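# Fold and geometry: a report
One letter stands for each residue in the lines below.
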Amino acid sequence: MAEHRLDFASPPDDVTAVHEFLARVWGTEPSVGPEDRMAFELALVELASNVVEHAGGAARIACSLDLAVRDGGLEARLTDDGRPASVDPSVAELPDASAESGRGLALVGMVVDELRYAREGETNTWTVRRLIR
Amino acid sequence: MDIVVHETGTDTAVLECTGRLNMVSAPAFRETVATVVDGGHHRVVIELSGVEFMDSSGLGALVGCLKTARQAGGDLRIAAPSEQVTMVLTLSNIDKILRTYPDGDAAVANWA
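Residues numbered from 1 in each chain as written. Chains lettered and ligands numbered in written order. Predicted model: local features only at pLDDT ≥ 70, side-chain atom pairs only at ≥ 80, totals over all residues.

## Focus on the interface of chain B and chain A
- Residue-level contacts link 21 residues of chain B with 20 residues of chain A.
- Contributing elements (two or more residues each) for the side of chain B that touches chain A: α2 (56-71) and α3 (83-91) of chain B.
- Counting residues per element, the side of chain B that touches chain A draws most heavily on α2(B), at six residues. (Contact = placed C-beta atoms within 7 Å. Helix = DSSP H or I, 4+ residues; strand = E, 2+ residues; numbered from the N terminus.)

## Things to note about the sheet that holds strand β3 (residues 43-54) of chain B
All names here are of chain B.
- Spatial ordering of the open sheet is given by β1-β2-β3-β4-β5, a layout of five strands whose pairing is mixed. The two strands at the open ends of the sheet, each matched to only one other strand, are β1 (2-7) and β5 (100-101).
- The sheet contact formed by strand β2 (residues 12-21) and β3 spans nine bridges and is parallel. Residue pairing across strands places Glu 16 opposite Glu 47, the latter belonging to β3. (Pairing = 2+ DSSP bridges.)

## Details of the packing of helix α1 (residues 16-28) of chain A against helix α2 (residues 34-55) of chain A
Residues and elements named next belong to chain A.
- It is at 10 Å that the axes of α1 and α2 come closest, and there the two elements cross at 150°. Judged by the angle between their axes, α1 and α2 are roughly antiparallel. For the crossing formed where α1 meets α2, the hand is right-handed. Packed against α1, whose contacting residues are Val 18, His 19, Leu 22 and Trp 26, the element α2 presents Arg 37, Glu 41, Leu 44, Val 45 and Ala 48 at the interface. (Axes fitted to C-alpha atoms, helices over the stretch in contact; angles between N-to-C directions. Parallel < 35°, antiparallel > 145°, perpendicular 65-115°, else oblique. Left-handed = near helix turned anticlockwise from the far one by under 90°.)

## Examining α1(A)
All names here are of chain A.
- The terminal C-alpha atoms of α1 lie 19 Å apart, and with 13 residues this matches the ideal 18 Å at 1.5 Å per residue to within 8%.
- Of all the positions in α1, only Val 18, Leu 22 and Val 25 are classed as buried. Along α1, the residues classed as buried sweep out an arc of 60° about the axis, all on the same side. Exposed side of α1, more than 90 degrees from the buried face: Glu 20, Ala 23, Arg 24 and Gly 27 are the residues found there. (Expected span 1.5 Å × (residues − 1). Buried ≥ 20, exposed ≤ 12 C-beta atoms within 10 Å, placed from the backbone. Arc of directions from axis to C-beta.)

## A word on the packing of α2(A) against helix α3 (residues 104-111) of chain A
All names here are of chain A.
- At a minimum axis separation of 9 Å, α2 and α3 run at an interaxial angle of 150°. For the element pair α2 / α3, the angle class is roughly antiparallel. Here α2 and α3 pass one another in a crossing that is left-handed. For the pair α2 and α3, contact is made by Ala 39, Leu 42, Ala 43, Glu 46, Leu 47, Ser 49 and Asn 50 and by Gly 104, Leu 105, Leu 107, Val 108 and Val 111, respectively.
- Considering only residue class, the contact of α2 with α3 consists of eight nonpolar, three polar and one charged. (Nonpolar A, V, L, I, M, F, W, Y, C, P; charged D, E, K, R; others polar.)

This is how it looks when you write it as C-alpha coordinates:
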(Lines give C-alpha, C1' and ligand atoms only; values in the text may rest on other atoms or scores of the structure.)
Protein backbone atom coordinates (compact mmCIF):
# COMPACT_ATOMS: atom_id res chain seq x y z
CA MET A 1 0.00 0.00 0.00
CA ALA A 2 1.28 3.42 -0.90
CA GLU A 3 0.09 6.99 -1.05
CA HIS A 4 0.96 9.54 -3.69
CA ARG A 5 0.29 13.27 -3.85
CA LEU A 6 0.24 15.92 -6.55
CA ASP A 7 -0.21 19.63 -5.91
CA PHE A 8 -0.97 21.83 -8.89
CA ALA A 9 -2.42 25.23 -9.69
CA SER A 10 -4.46 26.23 -12.70
CA PRO A 11 -3.39 28.31 -14.48
CA PRO A 12 -0.61 27.64 -15.38
CA ASP A 13 -0.97 23.90 -14.83
CA ASP A 14 -3.58 21.85 -16.66
CA VAL A 15 -4.60 18.19 -16.79
CA THR A 16 -1.21 17.33 -18.29
CA ALA A 17 0.05 17.49 -14.70
CA VAL A 18 -2.41 14.72 -13.77
CA HIS A 19 -1.40 12.51 -16.72
CA GLU A 20 2.28 12.89 -15.86
CA PHE A 21 1.65 12.25 -12.16
CA LEU A 22 -0.22 9.03 -12.94
CA ALA A 23 2.53 7.84 -15.28
CA ARG A 24 4.97 8.22 -12.38
CA VAL A 25 2.63 6.49 -9.93
CA TRP A 26 1.98 3.51 -12.21
CA GLY A 27 5.73 3.21 -12.69
CA THR A 28 6.08 2.50 -8.99
CA GLU A 29 2.89 0.40 -8.68
CA PRO A 30 3.29 -2.62 -10.97
CA SER A 31 0.47 -4.42 -9.15
CA VAL A 32 -2.16 -2.16 -10.72
CA GLY A 33 -3.29 -3.75 -13.99
CA PRO A 34 -3.82 -1.96 -17.31
CA GLU A 35 -7.62 -1.94 -17.10
CA ASP A 36 -7.61 -0.37 -13.64
CA ARG A 37 -5.04 2.19 -14.77
CA MET A 38 -7.10 3.16 -17.81
CA ALA A 39 -10.28 3.46 -15.77
CA PHE A 40 -8.74 5.49 -12.97
CA GLU A 41 -6.82 7.78 -15.30
CA LEU A 42 -10.07 8.56 -17.11
CA ALA A 43 -11.85 9.24 -13.81
CA LEU A 44 -9.14 11.52 -12.43
CA VAL A 45 -8.59 13.47 -15.64
CA GLU A 46 -12.35 14.01 -16.01
CA LEU A 47 -12.60 15.29 -12.44
CA ALA A 48 -9.55 17.53 -12.84
CA SER A 49 -10.94 18.85 -16.15
CA ASN A 50 -14.21 19.74 -14.43
CA VAL A 51 -12.39 21.50 -11.63
CA VAL A 52 -10.17 23.48 -14.00
CA GLU A 53 -13.11 24.44 -16.20
CA HIS A 54 -15.89 25.07 -13.70
CA ALA A 55 -14.36 25.71 -10.28
CA GLY A 56 -11.70 27.99 -11.69
CA GLY A 57 -13.40 30.09 -14.32
CA ALA A 58 -11.07 33.00 -14.83
CA ALA A 59 -9.51 32.74 -11.38
CA ARG A 60 -6.47 30.76 -10.35
CA ILE A 61 -7.23 27.67 -8.27
CA ALA A 62 -5.00 25.48 -6.16
CA CYS A 63 -5.63 21.72 -6.31
CA SER A 64 -4.31 18.66 -4.54
CA LEU A 65 -4.69 15.08 -5.67
CA ASP A 66 -4.10 12.28 -3.19
CA LEU A 67 -4.01 8.75 -4.57
CA ALA A 68 -3.82 5.64 -2.43
CA VAL A 69 -3.08 2.22 -3.87
CA ARG A 70 -4.36 -0.47 -1.53
CA ASP A 71 -4.80 -4.21 -1.77
CA GLY A 72 -8.48 -3.95 -2.48
CA GLY A 73 -8.54 -0.94 -4.75
CA LEU A 74 -7.63 2.55 -5.79
CA GLU A 75 -8.79 5.57 -3.88
CA ALA A 76 -8.33 9.23 -4.75
CA ARG A 77 -9.27 12.59 -3.33
CA LEU A 78 -9.13 15.78 -5.38
CA THR A 79 -9.50 19.06 -3.53
CA ASP A 80 -9.60 22.63 -4.85
CA ASP A 81 -10.26 26.12 -3.50
CA GLY A 82 -12.48 27.21 -6.39
CA ARG A 83 -16.19 27.84 -6.75
CA PRO A 84 -18.62 25.20 -5.48
CA ALA A 85 -19.78 22.60 -8.00
CA SER A 86 -23.36 22.92 -9.19
CA VAL A 87 -23.89 19.30 -10.19
CA ASP A 88 -25.00 16.24 -8.31
CA PRO A 89 -22.62 13.47 -9.36
CA SER A 90 -25.04 10.77 -8.26
CA VAL A 91 -27.48 11.69 -11.02
CA ALA A 92 -25.00 12.40 -13.81
CA GLU A 93 -26.30 10.83 -17.00
CA LEU A 94 -25.03 10.67 -20.55
CA PRO A 95 -26.47 13.46 -22.68
CA ASP A 96 -27.88 12.98 -26.18
CA ALA A 97 -25.42 11.45 -28.67
CA SER A 98 -25.16 14.75 -30.55
CA ALA A 99 -24.08 16.71 -27.44
CA GLU A 100 -20.58 18.12 -27.48
CA SER A 101 -20.16 18.32 -23.70
CA GLY A 102 -21.63 17.06 -20.45
CA ARG A 103 -20.34 13.47 -20.49
CA GLY A 104 -17.52 13.81 -17.99
CA LEU A 105 -19.16 12.94 -14.70
CA ALA A 106 -21.32 10.23 -16.25
CA LEU A 107 -18.16 8.54 -17.52
CA VAL A 108 -16.52 8.85 -14.11
CA GLY A 109 -19.54 7.14 -12.55
CA MET A 110 -19.14 4.22 -14.96
CA VAL A 111 -15.50 3.49 -14.17
CA VAL A 112 -15.52 3.84 -10.37
CA ASP A 113 -17.43 2.10 -7.61
CA GLU A 114 -17.84 5.22 -5.55
CA LEU A 115 -18.03 8.90 -6.49
CA ARG A 116 -18.68 11.61 -3.95
CA TYR A 117 -18.59 15.39 -3.85
CA ALA A 118 -18.53 17.61 -0.78
CA ARG A 119 -18.21 21.33 -0.16
CA GLU A 120 -16.62 22.10 3.19
CA GLY A 121 -15.83 25.72 4.00
CA GLU A 122 -14.05 27.07 0.94
CA THR A 123 -12.93 23.67 -0.31
CA ASN A 124 -14.38 21.28 -2.88
CA THR A 125 -13.57 17.62 -2.40
CA TRP A 126 -14.13 14.91 -4.97
CA THR A 127 -13.58 11.34 -3.82
CA VAL A 128 -13.46 8.28 -6.05
CA ARG A 129 -12.83 4.65 -5.29
CA ARG A 130 -12.40 1.71 -7.63
CA LEU A 131 -12.32 -1.80 -6.30
CA ILE A 132 -9.72 -4.12 -7.77
CA ARG A 133 -11.32 -7.42 -8.58
CA MET B 1 -1.23 16.11 -29.46
CA ASP B 2 0.34 15.98 -32.94
CA ILE B 3 -1.80 15.84 -36.06
CA VAL B 4 -0.44 14.99 -39.51
CA VAL B 5 -2.89 15.67 -42.34
CA HIS B 6 -2.70 13.31 -45.32
CA GLU B 7 -4.80 14.56 -48.23
CA THR B 8 -5.57 11.18 -49.77
CA GLY B 9 -7.98 12.37 -52.48
CA THR B 10 -9.75 15.43 -53.82
CA ASP B 11 -12.29 15.33 -51.00
CA THR B 12 -10.77 12.88 -48.52
CA ALA B 13 -8.19 13.42 -45.81
CA VAL B 14 -6.74 11.16 -43.14
CA LEU B 15 -5.67 12.91 -39.95
CA GLU B 16 -3.03 10.87 -38.18
CA CYS B 17 -3.23 11.81 -34.50
CA THR B 18 -0.69 11.09 -31.77
CA GLY B 19 -0.81 11.85 -28.05
CA ARG B 20 -3.79 12.73 -25.88
CA LEU B 21 -7.16 14.04 -27.04
CA ASN B 22 -8.34 15.92 -23.93
CA MET B 23 -9.34 19.41 -22.84
CA VAL B 24 -5.84 20.66 -23.58
CA SER B 25 -5.72 19.48 -27.19
CA ALA B 26 -9.41 19.43 -28.18
CA PRO B 27 -9.65 23.10 -29.32
CA ALA B 28 -6.70 22.77 -31.72
CA PHE B 29 -8.04 19.42 -32.94
CA ARG B 30 -11.43 21.00 -33.77
CA GLU B 31 -9.68 23.86 -35.55
CA THR B 32 -7.54 21.51 -37.63
CA VAL B 33 -10.56 19.49 -38.77
CA ALA B 34 -12.49 22.69 -39.59
CA THR B 35 -9.57 23.90 -41.72
CA VAL B 36 -9.34 20.58 -43.55
CA VAL B 37 -13.10 20.57 -44.24
CA ASP B 38 -13.00 24.24 -45.33
CA GLY B 39 -10.28 23.29 -47.76
CA GLY B 40 -12.69 20.93 -49.53
CA HIS B 41 -11.70 17.68 -47.82
CA HIS B 42 -15.05 17.00 -46.23
CA ARG B 43 -14.61 13.24 -45.96
CA VAL B 44 -12.40 13.02 -42.93
CA VAL B 45 -10.80 9.99 -41.30
CA ILE B 46 -9.38 10.40 -37.80
CA GLU B 47 -6.62 7.83 -37.39
CA LEU B 48 -6.32 7.20 -33.66
CA SER B 49 -3.78 4.39 -33.24
CA GLY B 50 -1.28 6.84 -31.73
CA VAL B 51 -3.79 8.38 -29.32
CA GLU B 52 -3.14 6.74 -25.96
CA PHE B 53 -5.79 8.74 -24.10
CA MET B 54 -9.14 10.31 -24.91
CA ASP B 55 -11.75 11.70 -22.50
CA SER B 56 -15.13 13.44 -22.70
CA SER B 57 -13.50 16.60 -24.09
CA GLY B 58 -12.09 14.47 -26.91
CA LEU B 59 -15.46 12.80 -27.46
CA GLY B 60 -17.14 16.21 -27.65
CA ALA B 61 -14.56 17.31 -30.22
CA LEU B 62 -15.19 14.19 -32.34
CA VAL B 63 -18.96 14.78 -32.25
CA GLY B 64 -18.44 18.45 -33.15
CA CYS B 65 -16.14 17.52 -36.05
CA LEU B 66 -18.66 14.94 -37.27
CA LYS B 67 -21.23 17.75 -37.50
CA THR B 68 -18.73 20.03 -39.26
CA ALA B 69 -18.01 17.36 -41.89
CA ARG B 70 -21.67 16.49 -42.42
CA GLN B 71 -22.68 20.14 -42.73
CA ALA B 72 -20.18 20.38 -45.58
CA GLY B 73 -21.79 17.37 -47.27
CA GLY B 74 -19.18 14.91 -46.08
CA ASP B 75 -18.70 12.60 -43.14
CA LEU B 76 -16.22 11.68 -40.42
CA ARG B 77 -14.92 8.23 -39.61
CA ILE B 78 -12.50 6.99 -37.04
CA ALA B 79 -9.83 4.37 -37.58
CA ALA B 80 -7.64 2.14 -35.42
CA PRO B 81 -8.72 3.27 -31.95
CA SER B 82 -6.47 2.11 -29.12
CA GLU B 83 -7.82 0.06 -26.22
CA GLN B 84 -8.34 3.17 -24.10
CA VAL B 85 -10.14 5.06 -26.87
CA THR B 86 -12.35 2.02 -27.58
CA MET B 87 -13.29 1.87 -23.89
CA VAL B 88 -14.39 5.53 -23.90
CA LEU B 89 -16.28 5.19 -27.21
CA THR B 90 -18.14 2.16 -25.88
CA LEU B 91 -18.97 3.60 -22.44
CA SER B 92 -20.34 6.78 -24.02
CA ASN B 93 -22.31 4.95 -26.77
CA ILE B 94 -20.58 7.16 -29.33
CA ASP B 95 -19.57 3.96 -31.12
CA LYS B 96 -23.19 3.94 -32.28
CA ILE B 97 -22.87 7.18 -34.26
CA LEU B 98 -19.21 7.13 -35.27
CA ARG B 99 -18.17 4.33 -37.58
CA THR B 100 -14.87 2.72 -36.72
CA TYR B 101 -12.51 1.11 -39.24
CA PRO B 102 -9.46 -1.05 -38.64
CA ASP B 103 -7.13 1.46 -40.31
CA GLY B 104 -7.06 4.66 -42.33
CA ASP B 105 -6.84 2.87 -45.69
CA ALA B 106 -9.92 0.77 -44.95
CA ALA B 107 -11.87 3.86 -43.92
CA VAL B 108 -11.01 5.66 -47.16
CA ALA B 109 -11.22 2.66 -49.51
CA ASN B 110 -14.79 1.90 -48.60
CA TRP B 111 -15.92 5.49 -49.29
CA ALA B 112 -17.96 5.16 -52.44
